[in-house]
Structure formats: structure tokens, C-alpha cells
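Here's the letter readout for the chains.
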Amino acid sequence: PGAERARLLGAGVGAPAGAPFTVRLVASDGRGYIDKASARATVAADLAAEAVHLLRAGAVLVERDDHGAEHDRRGLAPGDLAVLVRTRTYAEQVRAALQAAGVPAVVHGAGGVLGTEASRAWLDLLRVLEAPSRTGYVRAVAAGPFLGWDARRIATADDEAWEAVDERIYDWATALRLRGVAGLQRGVEADGLTARLLALDGGERQLTDLGHVAELLQVCPTTTPTSPAALLAWFTEQLAEAAAGTDPGDGRRRLESDADAVTVQTIHGAKGLEFPVVLLPSLWEAPWAPDDELPVYHDPDRGRSIGVGGVGAVHGDQLERAKQERDEEELRLLYVALTRARHRVVVWWATGGDAASSAFARVLLGRDPHTGAVTRLLSQRPTEQDIGGALDDLAAAGGAIGVEMVGDATGDRYAAPVPGPAELAVARVDRGFDRCWGRTSYSALTAAAHDAGPAAIAEPGAITADGVEVVEVDERAKVDEPPAPDAGRTPVDVLSTVVPLGDVPGGARVGTLVHEMLEHVDFTAADLAGDLAVAARDAGAHRLVPGHVDALVAGLVVALATPLGAGAGPLRGLARADRLDELTFELPLAGGDSPGAVPPVTMDAIAGVFAAGLPVDDPLAHYHARLRDPLLAVEVRGFLTGSIDLVARVGGRYVVVDYKTNHLGARGEPLTAWHYRPEALVAAMHDADYPLQAALYTVALHRYLRWRQPGYDPERHLGGIAYAFLRGMTGPDAAVVDGHPCGVFAWHPPAAFVTALSDVLDRGAP
């Protein structure tokens, strides 16, 4: 399969060498091997020349599928080349060689920025700002990137030139004191830093590092005004930590450019990646470990282990295990390196002193012909002739392999093609915008009506859904007066029962506090009051309702003991297993991500479901008239989102429970259960458009149960809605009016109503 893939993809059209797998051999000296430092420099220079050769040859990459059919064709660019090396240090050497040849290159995963020349340049600058009279510090800054003087200029500068440097350093110190590190950085850049560095090979890398170090300095916990001494002390500590191997995560070196450039990174970091062309300059090297290194190995019984050193059989066995694992890891890295390319691989071989333990040589020359096992050490150091001969044998057996000798450097440079001037034009949008699409909620659907204020909801002279004429009243006296006691309609205890939460402040923040407390408390806890007190403390109740925390806790204990009505008992007996708190949902509206497929959802269509789906004796039978208010005339498609306070499983049925902390009485008037009688709750539901919220939440529960409940049947499983107006709930013996407990609005819409509304939300129409 590998050979077939190579045949299909090839090295590209017009490539300077046809072999998808090419090995370039470096000639050794008279000793039969080559010094490693010399070999690395030679290979880096030849790699740069090879990259120039590839880019200038006009090669065209041809992408083919597994059946050989062409699906893409484009010219080879620097971004198509990747250099995979063993170490980060060599990555920098290779990048420098590429940039010296005019080939743009960036190093990925190049370690910490605090170990770079940029960090040392900032250290010199902070030293001179802290001690500007120190001549050595001044000369170090002059020779660094912030001034960019060369040795000749430093040696020949007269007193006037050095005075100009002193003035500049004084200006930088002033900028640091007044405007911090950011002000200092702007002052340095204003003196031509950016233009000077970008004109140099590797200048973009240096400029990126300098800016990165400046950002790290800005987070220094110094006092104001910024002190050079404090900055210097803190930065020195950071450099010491980096040298000890504890460089902080935000000090990881950044990529200097996202432009089209050769990628240089370690083999280990390239796991899982693919590149069109891969250049491998360091497969000839073998891993090195000092003789006195503590062995690290995997013990079959204890896992990863570290030997304690010493002598003897145990230590020898530990060293042997560590070496064996290191050799096996080298084979895995070799596999990674050789399998990252889609089109072409170029490998360099130089016979180093440790060539006998190189994984590349071991695979070529040390495989058992019967078992395929790879020896851990060749019997003798392989030469470039040995490597070339083994590759020739593989090529003769049908492998697409080329072998080349590294010649003298040509000094060729790459010049990136300069794009011609392009004629710019203003982009034109030639499609319409779907203004109905959005991510909406119950609050967003009703916001326009409620933002308009009470007058927009009920104008004087208008007729309400109940057939009552709205009259203009004085807002200061707009409070229902309790009727005279009537044993048939309003029991005396309803008028006199003062609710426990009556004096607790209101507002949206208090409502959020109550929701959070109830979400995290077990209703069946033996010490419910104690648990609520803990939840109140954790939620910051002492800050939101100072002086009322005890009343809040006591009132919620009473509310949780109040029956929900319609056959449902109090929440106090609801176990954790029968609760689903804060059920967040996101439902598609009229096609969701398929705009235009179906008509948008309109409030008129929802009103039609209310009008047709509720019996005349339903407490919300007339709510459809409210939904036809012009201020609620919306058209939407996209998604509906929301969060149900509580889904309670009661007797096998699922009930939507919504907590409300509304204050339904007049300001300054003591709240009683009468303010939360059924008639008042119906009015409150209408005024706040809670029926729409209840209906939408029931559809969300219907969709959820349709997905999660085996044998789901809305007639059997939907248990209706309970709006718990917590301030009006007065405990187990709650005041009852017309058979309904005060403080709870219970509504059980027909199953057909729920499914019809779900269909409207899904299709935009019944």
C-alpha cells in the first residue's frame, strides 16, 4: 500500500528529482566518519539549498484519491515543506540556514521565550533603566535590538552620540514610570525598532519574542508608578525559573508569522500531522545519554520507575531496560518521521561517531531476514556507502527510492514571487438576509410588549379578553381592595394570613438567589432549614438581602411544604431521583438551520393553538386575545432556548414547576394570602405573559420525554404546569379558595394542545 500510494501521488509534476523517497549522503572524512557539529552545519546548508531547488524548479503538486483520480493541482510553495528535527536547538539552526537562503521558515513549539535573546535584551534594558550610569549596561543596550549598533559604531561613537543615547534612555525611563511597560514598549518602537528588525534575516522572529516578553512584563505585580528595580527583580526571578525548567505556560514561545513559510518542528511534535513534502535532516543521529544518568524505565509491577544509581546487578538491569526502551522509542520516532509526507520525503545521512546505534541505519542494515526484528546496535559503524548500497537494493526490489550525494554549496537563494497589483473593488452582497432567523427565548418574544410599559398592555377604553373595559386609574391607588369577608367566596383566613416572605426584598437578583438555593438543596433533607441556610450563604444571600436571610430561609421551608394542587403534594416530599433541575433546552424553530424551508413561526399561529386547543372553562381560555396584541406580532425561525426551573416526577407523570418571587401587593401594604388567590394569580399570569412561557416549556418537556421516556404518551406522562408564587405559599394548611391553594397556579393543558403547539414550532403552521 505504501508503494502504491507513492506511485499515485508521486513527487509532483516538474520536480527536480522523480523519486518520492530520496536520501542525500554526506561524504565522511579520512577517519571514516564526520564530526557531529560539522555534519549538522553541512546538512543544514544542504537542506536550505534543496528547499531552494524544490521551490525554484516549478514543481506542481498533484493530489489524487486512492483510485488515482486527480482532484487538485497547484504549485509548490514554502508552506508545503516541513522540516522535522530531533531537537529544538537544531530547529533554530535549520531555520537560520533556510532564512539565510531566502526561504521563509518558522519554528513550531520552540520552547520558552524566556530562554531567548529577546529576554536577555529586555534584561539589559531593565538594568540600564535601573542604573543608567553603568557604562557596561549602556553599551549592552546599544549593541542589542533596541538600538541596533554594530561593533564599529560602538567603538567609534563620540561623546555627542553617547549623550544622545543617554537622552533616549532617560525618555524610556520616563515612559516606564508614567505609562508602565506598555508605554515603554511604544517608546522603543517609536525609535524605529520594527523597521530595523524586519530588514534583517530572522528579524520577524526577534520582534515577536520582544513583544511577547513585554507582555509578560506587563503582568508583573509591581507598584504604581512602575519601578525599574521591582521589574528587574521580578524578571530575574522569572528567568531563573525558566532556566530551572519551570517556565510558566504563558511563556511558551509564539509563532512569529502565519505567512506562507516552511514549518520547522520536532519529530515528536509532528505526531498525527501530514505535510506535502517532508525534509528529515537528523535521522542519522542517535540518542545520547550520559553514563552517569539515572535510568528511567517501566517496571512490569510498578510502572514508570527511576533507578537510584550505584553498581551491581540491579543497577545494570535497570540501565539495560532504560536503553532498550530508548531504542524502541527511537524506532517509533523513525516511523513517525517517515510517514508524515503525502508526496515526497528527503532524508540526510552523515556518518557520525555513533552511527551504529542510529535507528535509520539499524532498520536498513540490522533487520533479521527471517523475523524482521531490528538489532539494537550494529556490529560496526555504517558508512555512507553502506547506507547507499542498502537503499539501492531496496530500489531494485521495486521501491521508488533515489540516492544522491551532497555536493558543494551553490549559494542559490530563493526569491518569493511578487504578486502583481490587483484591482480592488467593493464586495457586493448578492443574497438577501433572513431577518426572521435568530436564537430567541420567551423573554425575547415578549420583550417589546413589556418594554412599552403598562399603558401599551391595557389602554383606557380597551376591552380585555375577559370582556372588561379598562378604565384609567390613579397609579398611586391602583391596588385591589380586599373585599368584605364572604364565607362563600373569600374565607376570613385568606384575608388575615400574612405570608412568611412578605418582608423579604424583591427584584431580579433576589429571584436568581432563590432559584440557586432551591436548585442545590435536597427537599427531603431532615434539616431542610439548615441546608437552605448553607445554600443561602454560598449564594451570597447576606449581601443581597441583609437582615432578611433567616426570614428567607423560613419562608422557603413553608413554601416547599405547600401542596401544589391538582392532586400533587408539596415539593417537600420530592426526592432527588424524581427531580430534574434547570433543564436547559434549545429547540429548532421552523426548520432551525434550514431557513426558507418552511414558513416562520408567528405569534398569530401560536394564538390559534390557544384559541382552538383550550376548553372554554380553562383559566387561560381567553389568553389567545393577548397574543394577538400588535406588540407581540413577531415572525421567527432558528432556535428557541430556555431553562425549566424544575421537572418533577409525581406518580409517573412529569410536571413543569416554575419558581416565581413576584410581589403582587401594593408597595408598603402587608402581603397576605389574599394577594395570591387563584383570581389574582390568573391576572398575574396574563400580565407577565407567563401562559406563553408555560406552553413553550411544556413543549420542551414533551420533546425531551419523547426522546428519553420509553413508551412515551403525552396523555399519560404529561402532568401539567405548576407556577409556584413562593411569597404566597403558606404551608401544609394553605389557605384554599374555590378548591385551589393560594400561591400556586396549576394548569394542565390537553395533550392535543401540546402536540399541536409543538407542530407549529416545528413547521411554522398547524
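As a reminder, the structure under discussion sits directly above these lines.
Residues numbered from 1 in each chain as written. Predicted model: local features only at pLDDT ≥ 70, side-chain atom pairs only at ≥ 80, totals over all residues. Heavy atoms only, no water.

This part covers the overall build of the chain. Scanning the chain for helices and strands turns up 26 helices and 22 strands. For the chain, the computed accessible surface area is about 38300 Å², with 53% contributed by carbon and sulfur atoms. (Helix = DSSP H or I, 4+ residues; strand = E, 2+ residues; numbered from the N terminus. Areas by Shrake-Rupley, 256 points an atom, 1.4 Å probe, with all protein chains shown as cover.)

Here helix α5 (residues 135–143) crosses helix α7 (residues 159–190) at 90°, and the two axes come no closer than 11 Å. One element, α5, and the other, α7, form an angle in the roughly perpendicular class. In this structure, α5 contributes V138, R139, V141 and A142 to the contact, and α7 contributes W162, V165, D166, I169 and W172. Looking at the contact of α5 with α7 residue by residue, the class counts come to 7 nonpolar, no polar and 2 charged. (Axes fitted to C-alpha atoms, helices over the stretch in contact; angles between N-to-C directions. Parallel < 35°, antiparallel > 145°, perpendicular 65-115°, else oblique. Contact = heavy atoms within 4.5 Å. Nonpolar A, V, L, I, M, F, W, Y, C, P; charged D, E, K, R; others polar.)

As enumerated under the stated definition, the model contains 31 salt bridges in all. Of the charged contacts in the structure, one is a salt bridge between E285 and R40, with a shortest N-O distance of 2.7 Å. Of this pair, E285 sits in the loop between β7 (275–280) and β8 (296–299) while R40 sits in helix α2 (residues 36–56); the two residues are 245 residues apart in sequence, bridging distant segments of the chain. A residue is classified by how much of its surface remains accessible, and R40, at 28% relative accessible area, is partly exposed. As a salt-bridge pair, E70 and R73 come within 2.9 Å of each other at their nearest N and O atoms. (Salt bridge = Lys/Arg side-chain N within 4 Å of Asp/Glu carboxyl O. Buried < 20%, exposed > 50% of the residue type's maximum accessible area, 1.4 Å probe, protein only.)

Enumeration over the complete set of coordinates arrives at 12 aromatic pairs. Between W149 and W162, the ring centres sit 5.0 Å apart and the planes meet at 50°, which makes this aromatic pair tilted. In this pair, W149 sits in the loop between α5 and α6 (151–156) while W162 sits in helix α7, placing the two residues 13 residues apart along the sequence. By relative accessible area, W149 is classed as buried at 9%. Take W162: its relative accessible area is 11%, and that puts it in the buried class. Ring geometry for W437 against F639: centres 6.3 Å apart, planes inclined by 80°, an arrangement best described as edge-to-face. (Phe/Tyr/Trp six-rings, centres within 6.5 Å; stacked < 30°, edge-to-face > 60°.)

The next thing to look at is the pairing of strand β4 (residues 81–85). For a regular strand, side chains alternate in direction, first toward one face of the sheet and then toward the other. Most of β4 is tucked away: 5 of the 5 residues are buried. As paired strands, β4 and β7 are joined by 3 bridges and run parallel to one another. Along β7, the bridge assignment pairs L81 with V277. Strand direction decides the pairing type here: β4 and strand β6 (residues 262–266), joined by 4 bridges, are parallel. (Pairing = 2+ DSSP bridges.)

Let us now look at the pairing of strand β10 (residues 341–350). Most of β10 is tucked away, with 9 of its 10 residues classed as buried. In this structure, β7 lies alongside β10, joined through 5 bridges in parallel fashion. Within the sheet, the bridge partner assigned to F275 lies in β10 and is A341.

Here we take up the side chain of S282. If you trace the backbone, S282 turns up in the loop between β7 and β8. Among all residues touching S282, those that are not within four sequence positions of it are L84, V85, R86 and Y90.

A separate point is unusual backbone geometry. Even without glycine at this site, E582 takes up a positive phi of about 50°. Mapped onto the secondary structure, E582 falls in strand β15 (residues 579–589). With phi around 60°, D689 is a residue other than glycine that occupies positive phi space. Here D689 is to be found in the loop between α23 (678–688) and α24 (690–708). Residue D689 is classed as buried on the basis of its relative accessible area, which comes to 0%.

This part is about the sheet that holds β7. Two pairing modes exist for strands in a sheet, parallel and antiparallel, and in both the strands are linked by backbone hydrogen bonds. Strands sit in the order β5-β6-β4-β7-β10-β1-β11 across an open sheet of 7 strands; the sheet is parallel. Both edges of this open sheet fall to β5 (105–107) and β11 (401–405), since each of them pairs with a single strand only. Neighbouring strand axes in the sheet, compared pairwise and without regard to direction, differ in orientation by 20° on average. Strands in contact with α2 are β1 (21–26), β4, β7 and β10; relative to β10, the strand with the most contacts, it is inclined by about 150°.

Next up on the list: the nonpolar core. With 63 residues, the main nonpolar core has L81, V83, L98, L279, W349 and F360 as its most contacted residues. Residue contributions to this core peak at 9 residues, all from α2. In this structure L81 touches A51, L54, L55, L76, V262, T263, V277 and L279, once residues within four positions along its chain are discounted. Counting 55 residues, the second largest nonpolar core, distinct from the first, contains L445, A684, A688 and F753. (Core = buried A, V, L, I, M, F, W, Y, C linked by side-chain atoms within 4.5 Å.)

Let's shift gears to the environment of D150. With respect to the helices and strands, D150 occurs in the loop between α5 and α6. Assessed through its relative accessible area of 46%, D150 is described here as partly exposed.

With that settled, consider helix α3 (residues 88–100). Over its 13 residues, α3 extends 18 Å from the first C-alpha to the last, a length consistent with the 18 Å expected when each residue adds 1.5 Å. Every buried residue of α3 is accounted for by Y90, A91, V94, R95, A97, L98 and Q99. On its buried face, α3 sits against α2, β4, β5, α9 (203–218) and β6. Positive phi appears at G102, one or two residues downstream of α3, with a value of about 85°. (Expected span 1.5 Å × (residues − 1).)

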